[in-house]
Amino acid sequence: MSDLAPVERRLSSALERIARQLDKGPARAAAKAPLFGLGGQRDHAPDPEQAATIASLRDALEKERAANAQLSERVHQVKQRQETTIGQLERRLARLTEQLDLQSLEMLRLKKANSKLIESNGALREAQIEGFPDATLINKSISAELEALQAERRAEMAEMEEILAELKSLIAAESR
């Protein structure tokens, strides 16, 4: 975008030169004859200096128009690249948010299973101290431990899926 400032200055100065020449032109033309068939026939050929000035101004105007067209095309290309990049980033953000939600859920399950395991192990310890462990306490303890292991495995699987997703995106980017 910083490339536009010099072009704008050049275009403004060219337009100012054109305006000055047009301001000068009618005054001369009024004193002489109409200019280039505008408003009547001319008695003699146009002033070579004035024709050269007009030609140079037209050339400058065409150059500025070409530069403006190039800049417009570059701005359009940059805008398309930005939109593509933003779309990719939005998709990646959505995927990462989904993965984070999944990991949060698995961590919550893991915490819950671990608290059950701690509670049942404490009850089993107390029963052992009293000398008569109850079979239901042992079953609860083993069940809580199994649940904790399953929750830990689900959390690890969620983490593995996240790693695989990142690897897939990296491999896809490398293959391009």
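## Side note on the overall build of the chain
So, point 1. The helix and strand inventory of the chain stands at 3 helices and 0 strands.
So, point 2. From first element to last, N terminus to C terminus, the chain shows the α and β order α-α-α.
So, point 3. Put simply, the chain has 176 residues, and 15% of those count as buried.
So, point 4. Put simply, of all contacts in the chain between residues at least 6 apart along the chain, 67% involve residues at least 24 apart.
So, point 5. Total accessible area on the chain stands at roughly 13,900 Å², and carbon and sulfur atoms take up 58% of it.

## Remarks on a nonpolar patch on the surface
So, point 1. On the surface, Met160, Ile163, Leu164, Leu167, Leu170 and Ile171 cluster together into a nonpolar patch covering about 600 Å² of accessible area.
So, point 2. Tracing the backbone through its elements, the reader meets Met160 in helix α3 (residues 135-175).

## Brief notes about helix α2 (residues 48-130)
So, point 1. Taking 1.5 Å per residue as the helical rise, α2 with its 83 residues ought to reach 123 Å, and the 121 Å between its terminal C-alpha atoms agrees with that figure.
So, point 2. One or two residues past the end of α2 sits Gly131, with phi positive at roughly 95 degrees.

## Side note on the environment of Gly122
So, point 1. Mapped onto the secondary structure, Gly122 falls in helix α2.
So, point 2. Taking C-alpha positions, Gly122 is 9.9 Å from Leu137, a pair spaced 15 residues apart along the chain.

## Things to note about the nonpolar core
So, point 1. Leu110, Ala113, Leu117, Ala144, Ala148 and Ala151 form the largest nonpolar core, which has 6 residues in total.
So, point 2. Other than its neighbours up to four places away in sequence, Ala113 contacts Ala144, Glu147, Ala148 and Ala151.

## Observations regarding α3
So, point 1. Taking 1.5 Å as the rise per residue, α3 with 41 residues should run 60 Å; its terminal C-alpha atoms sit 59 Å apart, in good agreement.
So, point 2. Within the span of α3, buried status applies to Ser141, Ala144, Ala148, Ala151, Ala155, Ala158 and Ala165.
So, point 3. For α3, the elements touching its buried residues are α2.

## A closer look at the pattern of salt bridges
So, point 1. The tally for this structure, following the rule as stated, stands at 7 salt bridges.
So, point 2. Notably, a salt bridge pairs Glu64 with Arg10, separated by 3.2 Å at the nearest N-O pair. Remark: Arg10 occurs in helix α1 (residues 4-31) and Glu64 occurs in helix α2; sequence separation between them is 54 residues.
So, point 3. Look at Glu64 and you get buried, because its relative accessible area is 6%.
So, point 4. Among the ionic pairs, Glu62 bridges to Arg65, the shortest N-O distance being 3.1 Å. Taken together, the residues span about one helical turn, with Glu62 and Arg65 both in helix α2 at a distance of 3 residues.
So, point 5. Owing to a relative accessible area of 46%, Glu62 belongs among the partly exposed residues under this scheme.

## Considering the packing of α2 against α3
So, point 1. Packing of α2 against α3 leaves a shortest axis separation of 8 Å and a crossing angle of 160 degrees. Put simply, α2 runs roughly antiparallel to α3. Where α2 crosses over α3, the handedness of that crossing is left-handed.
So, point 2. Across the contact of α2 with α3, the residue classes tally to 16 nonpolar, 7 polar and 14 charged.

Reading guide: rules and limits
Residues numbered from 1 in each chain as written. Predicted model: local features only at pLDDT ≥ 70, side-chain atom pairs only at ≥ 80, totals over all residues. Heavy atoms only, no water. Helix = DSSP H or I, 4+ residues; strand = E, 2+ residues; numbered from the N terminus. Buried < 20%, exposed > 50% of the residue type's maximum accessible area, 1.4 Å probe, protein only. Contact = heavy atoms within 4.5 Å. Areas by Shrake-Rupley, 256 points an atom, 1.4 Å probe, with all protein chains shown as cover. Patch = residues over 30% accessible without salt bridge, like charges linked within 9 Å, V, L, I, M, F, W, Y side chains within 5 Å. Salt bridge = Lys/Arg side-chain N within 4 Å of Asp/Glu carboxyl O. Expected span 1.5 Å × (residues − 1). Core = buried A, V, L, I, M, F, W, Y, C linked by side-chain atoms within 4.5 Å. Axes fitted to C-alpha atoms, helices over the stretch in contact; angles between N-to-C directions. Parallel < 35°, antiparallel > 145°, perpendicular 65-115°, else oblique. Left-handed = near helix turned anticlockwise from the far one by under 90°. Nonpolar A, V, L, I, M, F, W, Y, C, P; charged D, E, K, R; others polar.

Functional significance is not addressed by these values, which are geometric in nature.
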